Amino acid sequence: MREDFPRSVAKELDAADPLAHLRDRFVIGDDDLVYLDGNSLGRLPAATPAHLDRLVRQGWGEQLVRSWPTWIEWGHRLGDRLAAHALGARPGEVVVSDSTSVNLYKLAAAALDAAGDRRTVLVDAEEFPSDRYVLQGLAEARRLTLRMLPSDLDQGLRLDDLSAALTDDVALVVLSAVAYRSGALQDLAAVNAAARRVGAVVLWDLSHAVGAVPLALSATGADLAVGCTYKYLNAGPGAPAFLYVRREWQARLRQPIQGWFGQRDQFVMGADYEPAPGLDRFLVGTPPILALAPLDPALDVLAEAGIDRVRAKGRRLGEMIVELTDAWLTPYGFRVASPRDPDRRGSHVSLYHPEALRISRALATDGRVVGDYRTPDRLRLGAAPLYTRYVDVWDALRRLRDLAERRGWEGAPGAPSRVT
Ligand SMILES: *Cc1c(COP(=O)(O)O)cnc(C)c1O
């Protein structure tokens, strides 16, 4: 067994880590539990409970309806904060509202309405299920052709394969910036340019990228995007999502759910729907204030860290997972199932193993390492840089090796459960 990566090296990396102090900004609870699932549900920021308590007691309890003039701007205010700290977009281009799936539906439908005679939609065949289902529904209802582009489960959709499918009949391309299973990171500028050459528009899903890798939506020529706030952004389970519409596109698009928050002069309560100018037209109804609120303290931590430093640490954590997998786990049938080049990878790494489901369960119960399982045979390890220490990754991989050595997953259930 190679021992050229002793635990002391991980300790030294932590000692030199400029983000190390930010772990204290989160509720950790059990220090021995290694949490490598921040790409699915980010940890609770320590400031969030008091922030929510104040909102509930003062904002709701005392101020009551008089809070609404402030609250009504929150979707935009938080959107602008996200634009500045995580998305590289301009003010007035991002708003927080609804869920990622719903926002995807709204923007995809809007883009298809604006696409004239074009009748083809492209999506990665390995794209996140909700995205594929939403597009299937839209394609069926509009009798469009939905082309599922075959892609490598570990390496993601290749630009060449996408380019080959980009004909002048393509209206819309939907693609994740970071693939949910492999972590493969797309070249946003190259994809946007390739689509633009044939007059197609790209709708990015940033769910597994935002808060992990810097996104330069303006500079890379992105037109449309959606994404989650409860993964690397740490805004809490089911927190509202965001949508981004490049300024130049806003007046040309109309989304299909004509609610009163998208109406011009909303409180005139006029007879007929007329979309508001600007980003407001992409809204539908009353924002869920209690669910929006945790994004503020969460973004405070991200802003303090700086997304470039988050990215730098995320790369090194990922490299460590890859290096230790190669050194310790290959003899037990594991293989890295993500791009090896850190420039082509987000902040999570997937490992292939035929028993990945049972391993992920045994690792959580016996090993006290929480990662997750993804079909068909992937163990996904997400090292969220704001609160994950190098020594956490070292411990996780060591515990995984110990489990593998004694085939400790053999007693774990192999049947599917409601949530993986
Ligand atoms: C997590 C995730 C979603 C989740 O969408 P919801 O509407 O919040 O359930 C969508 N797309 C991708 C790529 C994701 O990773």
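Since the model is a prediction, treat every value here as computed from it, not as a measurement.

S.K.: Pulling in residues and values, what's your account of the sheet that holds strand S12 (residues 372-374)?
M.R.: Strand pairing in a sheet takes place through backbone hydrogen bonds and is either antiparallel or parallel in direction. The four strands lie next to each other as S9-S10-S13-S12, forming an open sheet whose pairing is antiparallel. Every other strand in the sheet has two partners, leaving strand S9 (335-336) and S12 as the edge strands with one partner each. Pairing geometry for strand S10 (residues 348-352) and strand S13 (residues 378-382), over five bridges, is antiparallel. From the neighbouring strand, Val 349 faces S13, where its bridge partner is Leu 381. Set on the sheet, helix H12 (residues 307-329) makes contact with S9, S10 and S13; between it and S10 the angle comes to about 20 degrees.

S.K.: Got a sec to walk through the domain arrangement of the chain? Specific residues and values, please.
M.R.: Under the domain assignment, the chain is made up of domain 1 (7-46 + 306-406) and domain 2 (49-304). One C-alpha centre belongs to domain 1, the other to domain 2, and the line joining them spans 28 Å. The interface is formed by 38 residues belonging to domain 1 together with 29 residues belonging to domain 2. Summing both partners gives a buried area of about 2900 Å² for domain 1 against domain 2, and 54% of it is carried by carbon and sulfur. When residues of domain 1 are sorted by the area they lose upon contact with domain 2, Ile 307, Arg 344 and His 348 head the list and together hold 19% of the total. Connecting domain 1 to domain 2 are three salt bridges. Here Asp 154 and Arg 378 are joined by a salt bridge, their closest N and O atoms 2.6 Å apart. Counting across the domain 1 and domain 2 interface gives 23 residue pairs in polar contact (both at pLDDT 80 or more). Sorting the residues of the side of domain 1 that touches domain 2 by element identifies H12, S10 and S13 as the ones contributing at least two each. Take the side of domain 1 that touches domain 2: its biggest share by element is five residues, from H12. Among the residues forming the side of domain 1 that touches domain 2, the class breakdown is 14 nonpolar, 12 polar and 12 charged.

S.K.: Requested: an account of the UniProt feature "binding site: pyridoxal 5'-phosphate" (unreviewed entry) in the chain, with residues and values cited.
M.R.: As annotated by UniProt and renumbered to match this structure, "binding site: pyridoxal 5'-phosphate" (unreviewed entry) occupies Thr 100, Ser 101, Phe 128, Pro 129, Ser 130, Asp 131, Asp 205, His 208, Tyr 230, Trp 260 and Thr 286. For this annotated set, covering 187 residues, the C-alpha atoms extend up to 30.8 Å from each other, a dispersed arrangement in space. Of the annotated set, the members that line the largest pocket are Phe 128, Pro 129, His 208 and Tyr 230. Topologically, Tyr 230 is positioned in the loop between strand S7 (224-227) and strand S8 (242-245).

S.K.: Describe the pairing of strand S5 (residues 170-176), naming the residues involved and giving the relevant values.
M.R.: For a regular strand, side chains alternate in direction, first toward one face of the sheet and then toward the other. Of all seven residues making up S5, seven are buried, and the element is well covered by its neighbours. Two strands pair when backbone bridges link them, and strand S3 (residues 120-124) and S5 are joined in this way by four bridges, in the parallel orientation. Paired with Thr 120 across the two strands is Val 170, which belongs to S5. Taken together, the five bridges between S5 and strand S6 (residues 201-205) define a ladder with parallel strand orientation. Counterpart to Val 173 in the pairing with S6 is Val 202. Crossover handedness for the path S5 to helix H8 (residues 188-197) to S6: right-handed.

S.K.: Can you lay out the layout of surface pockets for me, pointing to particular residues and giving the numbers?
M.R.: In this structure, the largest pocket encloses a volume near 350 Å³. Lining the largest pocket we find 13 residues, and of these Ser 40, Phe 128, Arg 374, Val 419 and Thr 420 sit closest to its centre. Residue classes in the lining of the largest pocket are distributed as five nonpolar, four polar and four charged. In this structure, the second largest pocket encloses a volume near 300 Å³. Taken together, 21 residues make up the lining of the second largest pocket; nearest its centre are Ile 72, His 76, Phe 261, Asp 280 and Leu 283. Taken together, the residues of the lining of the second largest pocket sort by class into nine nonpolar, seven polar and five charged.

S.K.: Please set out the site of the ligand residue by residue, giving values where relevant.
M.R.: The immediate surroundings of the ligand are formed by Ser 99, Thr 100, Ser 101, Phe 128, Asp 131, Ser 176, Asp 205, Ser 207, His 208, Cys 228, Tyr 230 and Lys 231. In this structure, His 208 approaches the ligand through a side-chain N or O atom, which is 2.8 Å from an oxygen atom. The fraction of the free accessible surface of the ligand (390 Å²) that becomes covered by protein chains is 86%.

S.K.: Go over the UniProt feature "modified residue: N6-(pyridoxal phosphate)lysine" (unreviewed entry) in the chain, please, and point to the residues and values.
M.R.: According to UniProt, the positions carrying the feature "modified residue: N6-(pyridoxal phosphate)lysine" (unreviewed entry) are Lys 231. You can see Lys 231 is positioned in the loop between S7 and S8. Apart from residues no more than four positions distant in its own chain, Lys 231 is found in contact with Gly 38, Asn 39, Ser 40, Leu 41, Gly 42, Ser 207 and His 208.

S.K.: Could you give me a rundown of the sheet that holds S7, with the residues and numbers involved?
M.R.: With respect to topology, seven strands assemble into an open sheet ordered S2-S8-S7-S6-S5-S3-S4, the strand pairing being mixed. Each edge of the open sheet is held by one strand with a lone partner, namely strand S2 (94-96) and strand S4 (145-149). If you compare each strand with its neighbour and ignore which way they point, the axes differ by 15 degrees on average. Relative to S4, S3 is paired through five bridges, and the arrangement is parallel. Counted as the bridge partner of Asp 124 is Leu 149 from S4.

About the criteria used
- Residues numbered from 1 in each chain as written.
- Predicted model: local features only at pLDDT ≥ 70, side-chain atom pairs only at ≥ 80, totals over all residues.
- Heavy atoms only, no water.
- Pairing = 2+ DSSP bridges.
- Helix = DSSP H or I, 4+ residues; strand = E, 2+ residues; numbered from the N terminus.
- Contact = heavy atoms within 4.5 Å.
- Axes fitted to C-alpha atoms, helices over the stretch in contact; angles between N-to-C directions.
- Domains from an automatic or database assignment.
- Buried area = accessible area lost by both parts, 1.4 Å probe.
- Salt bridge = Lys/Arg side-chain N within 4 Å of Asp/Glu carboxyl O.
- Polar contact = N/O pair within 3.5 Å; in protein donor to acceptor, adjacent residues only side chain to side chain.
- Nonpolar A, V, L, I, M, F, W, Y, C, P; charged D, E, K, R; others polar.
- UniProt positions renumbered as here; feature names shortened; annotations may be inferred.
- 1 Å grid on protein atoms, 1.4 Å probe; cavity = no way out; pocket = protein on both sides within 12 Å on 5 of 7 lines; lining within 4 Å.
- Buried < 20%, exposed > 50% of the residue type's maximum accessible area, 1.4 Å probe, protein only.
- Right-handed = clockwise from strand over helix to strand, strands pointing away.
- Points joined across faces, edges and corners; volume = space filled by probe spheres on them.
- Near = heavy atom within 4 Å.
- Areas by Shrake-Rupley, 256 points an atom, 1.4 Å probe, with all protein chains shown as cover.

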